[in-house]
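Report on the structure
Letter by letter, the chains look like this.
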Amino acid sequence: SEIFADFEQNLDPLSTDGSGDMKYHKGGTGVWTGLDGHAIPVSLVPNASHLEAVSSIVEGVVRAKRDRHVEGAADDVVALLMHGDAAFAGQGVVAETLNLSRLPAYSIGGTIHLVINNQIGFTTPPASARSTSYATDIAKSIEAPIIHINADDPEAVVRAAKLCVDYRLAFSRDIVVDLVCYRTHGHNEGDDPSYTQPLMYRAIAEHQPVNTLYAELLIERDVVSAEEVAAGIAKITTHLAEALEKTRTIPVPHFDRLPDRAEITRAPLPKDTPVDQYVLSAISEQMAKRPEDFHVHPKLARQFDQRDELLSSGEVDWATGEALAFGSILIEGRNIRLIGQDARRGTFSHRHAVLVDYENGADYVPLTSLSQLWSGLGSFEVYDSLLSEFAALGFEYGYSVESQNTLVVWEAQFGDFANGAQIIIDNF
């Protein structure tokens, strides 16, 4: 009834911000219960109209969920991405998202991709939509298995689903299902597809739908009777009809004018935010220490000496100020995820959040040493991202929404890189 209400235009006049232009893009959370009674929490991430933009956001949400799980339980969280065939082949963010799959900063133990291949993109046929044989060929770039299935065979679809889960658990890799099917009606409820695909839609009109084909197969196998099938269809139809009727009887509130919007109350920001001088000094001293067997780059050693002299005089440069700020957040028990193109060293050789041993190439992260002075230290993760903006920012946005105790920082140069992520900025 909630879905029907959207199509009956039973709009809430108090919802002055609206719910967007599309009825099909809403998110939600709930619990799915299997026939064996096993319950699985499910989250549906709301997606903007911009095709495939949500893909990397889902990956970020799942990474945050996995990071929050206790060790060994991460496989309890799985990403299932649903794609259209034309969008999977046509949108560059798909390739960017696939490229995330095996990188340490982004890996989530494999994603299951379900491509709903209705062999058309709005009005565009495959010959105009891709240069590859299959809509899913882009997944070959990461050597993901691709299973092509006839959607008229529900049992094959179920076998493929089980294979996807087993493969992912065994290998922690992405796997793709190319569900070859058709779109019964048009692109939306007001579209007539026979304008541009008359032959295809003549064939579809003459084709028995999958529920009829499968019912006939089960009757032939003596699994069910024709009467049981008819009773099942009648039960479903009655349920839908009752839900629609219920929707039409719900009175819609009427106002001569929109009521004033309620003021949004926000918790006031703390006014007293300085960090104690002793704490800053302790953070600075601890960060200046190195493991005994660690070899700092000679040029960097001189740079650090200059920083220490500046700090002793009561001043800080940008990199030191940032490190002290991060340290003060970590000792409060909050996590930090810092990522961007060359973010570990810093594009201008200023940050050096990760030091690389000059003799053997081993990594050392000074901020993590604060655990020697403070218990309950938050985690500090700093990564160099892949050379992507669109998918990369989408991932971090998804991570930040899901992980409430983490400061997520995505770093990009303004103008020549940040604008590559503009679709995420505009839509989310």
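Provided above is the structure to which this section pertains.
In this report, we go over the structure that sits alongside the text. All of these numbers come straight from a predicted model, not from anything done at the bench.

Rules used in this analysis
Residues numbered from 1 in each chain as written. Predicted model: local features only at pLDDT ≥ 70, side-chain atom pairs only at ≥ 80, totals over all residues. Heavy atoms only, no water. Helix = DSSP H or I, 4+ residues; strand = E, 2+ residues; numbered from the N terminus. Buried < 20%, exposed > 50% of the residue type's maximum accessible area, 1.4 Å probe, protein only. Lys, Arg positive; Asp, Glu negative; His and termini not counted. Salt bridge = Lys/Arg side-chain N within 4 Å of Asp/Glu carboxyl O. Contact = heavy atoms within 4.5 Å. Polar contact = N/O pair within 3.5 Å; in protein donor to acceptor, adjacent residues only side chain to side chain. Pairing = 2+ DSSP bridges. Axes fitted to C-alpha atoms, helices over the stretch in contact; angles between N-to-C directions. Phe/Tyr/Trp six-rings, centres within 6.5 Å; stacked < 30°, edge-to-face > 60°. Lys NZ or Arg CZ within 6 Å of the ring centre and 35° of its normal. 1 Å grid on protein atoms, 1.4 Å probe; cavity = no way out; pocket = protein on both sides within 12 Å on 5 of 7 lines; lining within 4 Å. Points joined across faces, edges and corners; volume = space filled by probe spheres on them. Nonpolar A, V, L, I, M, F, W, Y, C, P; charged D, E, K, R; others polar. Core = buried A, V, L, I, M, F, W, Y, C linked by side-chain atoms within 4.5 Å.

**Quick look at the side chain of aspartate 357**
Along the polypeptide, aspartate 357 turns up in the loop between β8 (355–356) and β9 (363–364). The buried charged residue aspartate 357 lacks any salt bridge, with arginine 290 as its nearest oppositely charged partner at 10.0 Å. Among residues more than four places away in sequence, those in contact with aspartate 357 are Asp293, Phe294, His295 and Ala362.

**Thoughts on the side chain of serine 403**
Tracing the backbone through its elements, the reader meets serine 403 in the loop between α13 (390–402) and β11 (406–411). We classify serine 403 as buried; its relative accessible area is 12%. A distance of 2.7 Å separates polar atoms of two side chains, one belonging to serine 403 and the other to threonine 406.

**A word on the sheet that holds β11**
The three strands lie next to each other as β10-β7-β11, forming an open sheet whose pairing is parallel. Edge positions in the sheet fall to β10 (380–384) and β11, since each of these pairs with one other strand and no more. The mean angle between the axes of side-by-side strands here comes to 10°, regardless of whether they run parallel or antiparallel. When strand β7 (residues 335–340) meets β10, the two strands line up parallel, connected through five bridges. Among the inter-strand pairings, isoleucine 339 is bridged to a residue of β10, identified as tyrosine 383.

**Looking at the packing of aromatic side chains**
As enumerated under the stated definition, the model contains five aromatic pairs in all. Measuring from ring centre to ring centre gives 5.0 Å for tyrosine 167 and phenylalanine 171, while their planes differ by 45°; the resulting arrangement is tilted. On the criterion of helical spacing, the pair formed by tyrosine 167 and phenylalanine 171 is a turn pair, its members being four residues apart in helix α6 (residues 154–171). Exposure remark for tyrosine 167: the relative accessible area of 19% places this residue in the buried category. Classification of phenylalanine 171 by relative accessible area gives exposed; the value is 54%. When the centroid spacing of 6.0 Å and the interplanar angle of 45° are considered together, the rings of phenylalanine 326 and phenylalanine 380 count as tilted. Here phenylalanine 380 lies in strand β10 and phenylalanine 326 lies in helix α12 (residues 318–330), a separation of 54 residues in the sequence. Note on phenylalanine 326: relative accessible area 9%, which makes it buried. Take phenylalanine 380: its relative accessible area is 10%, and that puts it in the buried class. Over the ring of tyrosine 106 we find arginine 337; its NZ or CZ atom is 6.0 Å from the centre of that ring. In this structure, arginine 337 packs its charged tip against the face of tyrosine 399, placed 4.9 Å from the ring centre.

**What to know about empty space enclosed by the protein**
Enumeration according to the criterion identifies one cavity of 30 Å³ or more in this entry. Each pocket or cavity is described by its volume, and for the largest cavity that value is around 30 Å³. What lines the largest cavity is simply Asp85, Ala86, Ile120, Gly121, Thr124, Pro125, Pro126, Ala129 and Arg130. If you list the elements that add at least two residues to the lining of the largest cavity, you get α3 (85–90) and α5 (126–129). A class-by-class count of the residues in the lining of the largest cavity yields five nonpolar, two polar and two charged.

**What about the nonpolar core?**
Counting 26 residues, the largest nonpolar core has Val58, Val62, Tyr106, Ile339 and Trp410 as the members making the most contacts within it. Take this core: its biggest share by element is six residues, from α13. Tyrosine 106 has contacts with Arg63, Leu100, Arg337, Ile339, Ser385, Leu386, Ala392, Phe395 and Glu396, leaving out every residue within four places of it along the chain.

As far as function goes, none of this settles anything; it's purely spatial.
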